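Descriptive structure summary
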Amino acid sequence: MSRSIVRQSKFRHVFGQSAKAEQGYDDIRVSKVTWDSSFCAVNPKFLAVIVESSGGGSFLVLPLSKVGRLDSNYPMVVGHSGPVLDIDWCPHNDNILASGSEDCTAMIWQIPDHTPSRPISEPIVVLEGHSKRVGIVTWHPTARNILLTAGSDNLIIVWNVGTGEPLISMDDHPDLIYNVSWNRNGSLFCTTCKDRRLRVCDPRKREVVAERLAPHDGMRPMRAIFTREGNIFTTGFTRMSQRELGLWDPTNFEEPIALLELDTSNGVLLPFYDPDTNLVYLCGKGDSSIRYFEITDEPPYVHYLSTFSSKEPQRGMGFMPKRGVDVSKCEIARLYKLHERKCEPIMMTVPRKSDLFQDDLYPDTAGPEPALEPEDWLEGKDDDPILVSMRDGYVPPKSRELKVSKKNVLDSRPATRRSVSACDASNLPPELVEKLLEEIHSLKATVLSQDKRICDLENKLSQYTNGTA
């Protein structure tokens, strides 16, 4: 007698569930800008959403606990002079956010733990190097203060935000870059481009190490992400405009490991990948469903699990890092679905009868500590993320100021002034030069002391706000 063989997987019964209405975020005017980014970024402390604004670009940052209807006067982050196109939380500091905009700049923001009393308009660092809009910002997964930006000038720049300086610039793309994804240890990144090529780049060698023409035959935008094993998962379109996904080995781009047609729809599929479970969640803009798949080393390599469906289409999506999920409820992922006027959390859970910690669902995950300093990475060192246990849940640390960054940025400015004054000092009396230099040093000391005082006061305020004082 024949018996049907069912594939063994602990994720076969993952199911999605929307949060209750009172646990959502209402009255958020989500941006209508025509750009295929997710418009949303989330971490264990904050939810950030790009919103509609007149006269410049702004986005909203809310503590995760601030659910319900949003006050119309809630302070925004308002530093950009053009619409904001992409935002990304720093993986090593839950209070640091990067944003890219149509004003050709990327900005780094320090978000306080307490609710600000007025709009945040002063970034810590402004990164100016692109000649056209900056559509992609993404942090390095293991090195401190390393940020990659990509613009419509077809340029990729890797920055050290601690000094505000560009470290690496690559102009290998002849057309618009659709997306960029780092691999697990940050030694390589992959890109998709309007010229229909999938590229694997080594930023420190400043070269493309592998490329594939048309991994999907259609002309519409593609997306690509690195998996934990170093393969590349792609989404795109066939010639007949059917949506398609693929899995590729970057050391052998001739044939795909797997290629799977999905459906016919116009929305670009945004992939969100969980390296701990090897699950990928596909969210199409304009869709009302989220499909999820498991990537394994057994044929057919990409296994369809299930679909979460709802009534309203999504405008964007945010994906919570693993350290932000609720282990007591066997939650393995949480997505934040953007509607036209609200944001709705969606929990992905694996049903288990026991209330004990499930070791098999929660292997050690990437923690908030960087594995490398910027100088080490630039010299050629690579390291995997520093892992933390999820056994007792994850408690976000208190706000950590980028003190080194502020000092570096401040110190770099007087340095240029000093060189100018040195050039012009030949015609000045020595006594006056000495007096001016003394005054400059005195002012610098005052600025640094006031900066330290502001940090201390903000930390004290956050302690009172959180009830830890």
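Residue positions are given per chain, counted from 1 along the sequence in the order it is written. Note on the predicted model: pLDDT of at least 70 is required for a residue's local features to be given, and 80 or more for side-chain atom pairs to be given and counted; whole-chain, interface and lining totals, by contrast, use all residues. The basis for every side-chain value is the complete set of heavy atoms in the structure, and neither hydrogens nor water enter the calculation.

A few words on the overall build of the chain. Helix and strand assignments come from DSSP, with helices taken as H or I runs of at least 4 residues and strands as E runs of at least 2, each series counted from the N terminus. Broken down by element type, the chain carries three helices and 32 strands. The buried share of the chain, taken over its 469 residues, is 52%. Note on contacts: a residue pair is in contact if any heavy atoms of the two residues lie within 4.5 Å. The long-range fraction of contacts in the chain, counting pairs at least 24 apart against all pairs at least 6 apart in sequence, stands at 53%. Surface accessibility in these figures is a Shrake-Rupley result with a 1.4 Å probe; residues are shielded only by whichever protein chains are displayed. For the chain, the accessible surface area stands at approximately 22,400 Å², while carbon and sulfur atoms represent 49% of it. With a 1.4 Å probe rolled over the protein chains alone, any residue whose accessible area is under 20% of its type maximum counts as buried; one over 50% counts as exposed, and the rest are partly exposed.

Here the focus is the sheet that holds strand β5 (residues 57-63). By the convention used here, strands pair only if DSSP detects at least 2 bridges between them. Spatially, four strands are ordered β3-β4-β5-β7 in an open sheet, and the strand pairing comes out antiparallel. Looking along the sheet, the strands with just one partner apiece sit at the ends: β3 (40-42) and β7 (77-80). Looking at each pair of strands side by side, their axes are set apart by 20° on average, direction ignored. Relative to β5, strand β4 (residues 46-51) runs antiparallel, the two sharing six bridges. Paired with Ala48 across the bridge in β5 is Val61. To obtain each axis, a line is fitted to C-alpha atoms, and for helices this fit is confined to the stretch in contact; angles are then taken between N-to-C directions over 0 to 180 degrees.

The next thing to look at is the sheet that holds strand β14 (residues 156-160). If you trace the four strands from one edge of the open sheet to the other, you get β12-β13-β14-β15, paired in antiparallel fashion. Of all the strands in the sheet, the pair left with one neighbour each is β12 (134-139) and β15 (165-170). Neighbour to neighbour, the strand axes of the sheet diverge by 25° on average, direction disregarded. Across five bridges, the pairing between β12 and strand β13 (residues 146-151) is antiparallel. Along β13, the bridge assignment pairs Val137 with Thr149.

Salt bridge, as applied in this entry: a Lys or Arg side-chain nitrogen positioned within 4 Å of an Asp or Glu carboxyl oxygen. Under the definition given, this model contains 21 salt bridges. A salt bridge links Arg199 to Glu211; the nearest nitrogen and oxygen atoms lie 4.0 Å apart. One end of the pair, Arg199, is in strand β18 (residues 197-202); the other, Glu211, is in strand β19 (residues 207-213), and 12 residues separate them in sequence. Look at Arg199 and you get buried, because its relative accessible area is 5%. Between Asp263 and Arg243 there is a salt bridge whose closest N-O contact spans 2.9 Å. With Asp263 in strand β23 (residues 258-264) and Arg243 in strand β22 (residues 242-248), the pair connects residues that are 20 residues apart, well separated along the chain. With respect to class, Asp263 is no different from Arg243; both count as buried. Connected through salt bridges with shared partners, the residues Asp195, Arg197, Arg199 and Glu211 form a single ionic network.

Before going further, it helps to spend a moment on the pairing of strand β21 (residues 232-237). With six of its six residues buried, β21 lies for the most part within the structure. Alternating positions in β21 separate into two faces, Ile232, Thr234 and Gly236 on one and Phe233, Thr235 and Phe237 on the other, with burial throughout. Judged from the four bridges that link them, strand β20 (residues 223-226) and β21 form a sheet pairing that is antiparallel. Across the sheet, Phe226 pairs through a bridge with Ile232, a residue of β21. Between β20 and β21, which pair antiparallel and follow one another directly, the connecting turn spans five residues, one of which, Gly230, has a positive phi of 100°. Connecting β21 to the next strand, β22, in antiparallel fashion are four residues, including Ser241 with a positive phi near 65°.

For the rest of this paragraph, the subject is the side chain of Asn185. Mapping Asn185 onto the fold places it in the loop between β16 (177-182) and β17 (189-193). Setting aside chain neighbours within four positions, we find Asn185 in contact with His140, Pro141, Thr142, Asp382, Asp383 and Asp384.

Below, the discussion takes up the packing of aromatic side chains. Stacked, edge-to-face and tilted labels apply to pairs of Phe, Tyr and Trp rings (six-membered ring for Trp) whose centres lie within 6.5 Å, assigned for plane angles under 30 degrees, over 60, and everything in between, in that order. All chains considered together, the criterion is met by 11 aromatic pairs. Here Trp248 and Phe253 contribute two aromatic rings whose centre-to-centre distance is 6.4 Å and whose plane-to-plane angle is 70°, an arrangement assigned as edge-to-face. Both residues of the pair, Trp248 and Phe253, count as buried. Each ring is checked for a lysine NZ or an arginine CZ that lies within 6 Å of its centre and within 35 degrees of its normal; such an atom marks a charge sitting over the ring. Over the ring of Phe237 we find Arg220, and its NZ or CZ is 5.0 Å from the ring centre. One Lys or Arg, Lys285, reaches over the ring of Phe39 and ends 3.7 Å from the middle of that ring.

Okay, the environment of Pro275 next. Residue position: Pro275 is located in the loop between β24 (269-274) and β25 (279-284). Exposure remark for Pro275: the relative accessible area of 23% places this residue in the partly exposed category. Sequence separation of Pro275 and Ile295 is 20 residues, and the distance between their C-alpha atoms is 9.9 Å. Dropping the residues within four chain positions of it, Pro275 is found in contact with Arg184 and Arg228.

Moving on: the UniProt feature "repeat: WD" (unreviewed entry) in the chain. UniProt positions are given in the numbering used here, feature names are shortened, and annotations may be inferred rather than shown by experiment. Here the UniProt feature "repeat: WD" (unreviewed entry) sits at residues 77-111 and 127-169. Spanning residues 77-111, this segment combines 0% helix with 63% strand, and its end C-alpha atoms are found 9 Å apart.

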